[in-house]
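Summary of the model geometry
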Amino acid sequence: MADTMKTDMNNTQIKKSLSYEDKVIKKIAGIATDGIPGVLTLSGGLIGNITDMFRSNEDKTKGIDAEVGQKQVALDLNVVCEYGKNVPQLFDTIINKVSTAVRDMTGLQLVEMNMHVADVVSHDEFVEMQNKQRSDNANNVDNNQSYADNRQQNMGDNPRVH
């Protein structure tokens, strides 16, 4: 937000400045889109989705790019929509919800929103993909722990490593 001057009770002027990191606006937009019927997930592309396989919790900024100015915000979203939903209507719902959240929390105005539909998936197919990813993540955690345990045990047997 723009610098402002405010006079306090002693007639002293205080210079004030309030700004936001892009990731803050991205997170607000990500949380605002959570739970909108028809938005299955935000898509971070191939690299983002590979990275997510090694995380235990979902990144709320995945699939969102933001340009934040002093008074205005522009956002780009990559979404996976539910098959059968009216995407233009869904887009309007997203704009309204995100615009309101950004304005209410920061005072910034959403002046541009671009949405790219990365995929369309049925709800059942999406649930199946989520379950598979959770299973794969659990296996990765187990394999990483086993590797760490074995490495620690082998290092303990090596007289040169203390």
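Just so you know, these numbers come straight off a predicted model, no measurement behind them. (Residues numbered from 1 in each chain as written. Predicted model: local features only at pLDDT ≥ 70, side-chain atom pairs only at ≥ 80, totals over all residues. Heavy atoms only, no water.)

This part covers the nonpolar core. As a rule of thumb, nonpolar side chains are buried together in soluble globular proteins. Within the largest apolar cluster, 23 residues are counted, with the highest numbers of intra-cluster contacts made by Ile25, Leu75, Leu77, Ile94 and Val98. Broken down by secondary-structure element, the contributors of at least two residues to this core are helix H1 (22–33), strand S3 (39–42), strand S4 (64–68), strand S5 (72–82), helix H3 (87–106) and strand S6 (109–121). Beyond its immediate sequence surroundings of up to four residues, Leu77 is in contact with Thr33, Leu42, Gly63, Ile64, Ile94, Met113, Asn114, Met115 and His116. (Core = buried A, V, L, I, M, F, W, Y, C linked by side-chain atoms within 4.5 Å. Buried < 20%, exposed > 50% of the residue type's maximum accessible area, 1.4 Å probe, protein only. Helix = DSSP H or I, 4+ residues; strand = E, 2+ residues; numbered from the N terminus. Contact = heavy atoms within 4.5 Å.)

For the protein, per-residue confidence averages 81 on the pLDDT scale, and residues scoring 70 or more make up 71% of the total. Across the protein, the element-wise mean pLDDT spans from 43 in helix H2 (residues 45–52) up to 97 in H3. (pLDDT = per-residue confidence, 0-100.)

We now examine H1. With twelve residues, H1 ought to run about 16 Å at 1.5 Å a step, and its terminal C-alpha atoms sit 17 Å apart, in line with that. Restricting attention to buried positions, one finds in H1 the residues Ile25, Lys26, Ile28, Ala29, Gly30, Ala32 and Thr33. The inward-facing, buried residues of H1 abut S3, S4, S5 and H3. (Expected span 1.5 Å × (residues − 1).)

Of note, Lys62 is situated in the loop between H2 and S4. Residue classification places Lys62 among the buried positions, given a relative accessible area of 12%.

Bringing a negative patch on the surface into the picture now. On the surface, a cluster of negative charge is contributed by Glu21, Asp22, Asp65, Glu67, Asp76 and Glu112. Inspection of the secondary structure puts Asp22 in helix H1. (Patch = residues over 30% accessible without salt bridge, like charges linked within 9 Å, V, L, I, M, F, W, Y side chains within 5 Å. Areas by Shrake-Rupley, 256 points an atom, 1.4 Å probe, with all protein chains shown as cover. Salt bridge = Lys/Arg side-chain N within 4 Å of Asp/Glu carboxyl O. Lys, Arg positive; Asp, Glu negative; His and termini not counted. Charge placed at Lys NZ, Arg CZ, Asp CG, Glu CD.)

For the α-helix, the turn length of 3.6 residues means that residues three or four positions removed from each other point alike. Over its 20 residues, H3 extends 28 Å from the first C-alpha to the last, a length consistent with the 28 Å expected when each residue adds 1.5 Å. Residues Leu90, Ile94, Val98, Ser99, Ala101, Val102 and Thr106 constitute the buried set of H3. Against H1, S3, S5 and S6 lie the buried residues of H3. For H3, the N-terminal capping position is held by Asn86, with its side-chain oxygen 3.0 Å away from the main-chain nitrogen of Gln89. (Polar contact = N/O pair within 3.5 Å; in protein donor to acceptor, adjacent residues only side chain to side chain.)

On to the environment of Lys62, then. Each C-alpha atom of the pair Lys62 and Ser43 lies 6.3 Å from the other, and the pair is 19 residues apart in sequence. A polar atom in the side chain of Lys62 sits 3.3 Å from the backbone oxygen of Leu42.

Turning next to the pattern of salt bridges. Oppositely charged side chains may form a pair once their charged atoms are brought near each other. Enumeration over the complete set of coordinates arrives at two salt bridges. The residue Asp34 makes a salt bridge to Lys60 at a minimum N-O spacing of 2.5 Å. Remark: Lys60 occurs in the loop between H2 and S4 and Asp34 occurs in the loop between H1 and S3; sequence separation between them is 26 residues. Between Asp104 and Arg103 there is a salt bridge; the shortest N-O distance is 4.0 Å. When its relative accessible area of 44% is taken as the criterion, Arg103 is described as partly exposed.

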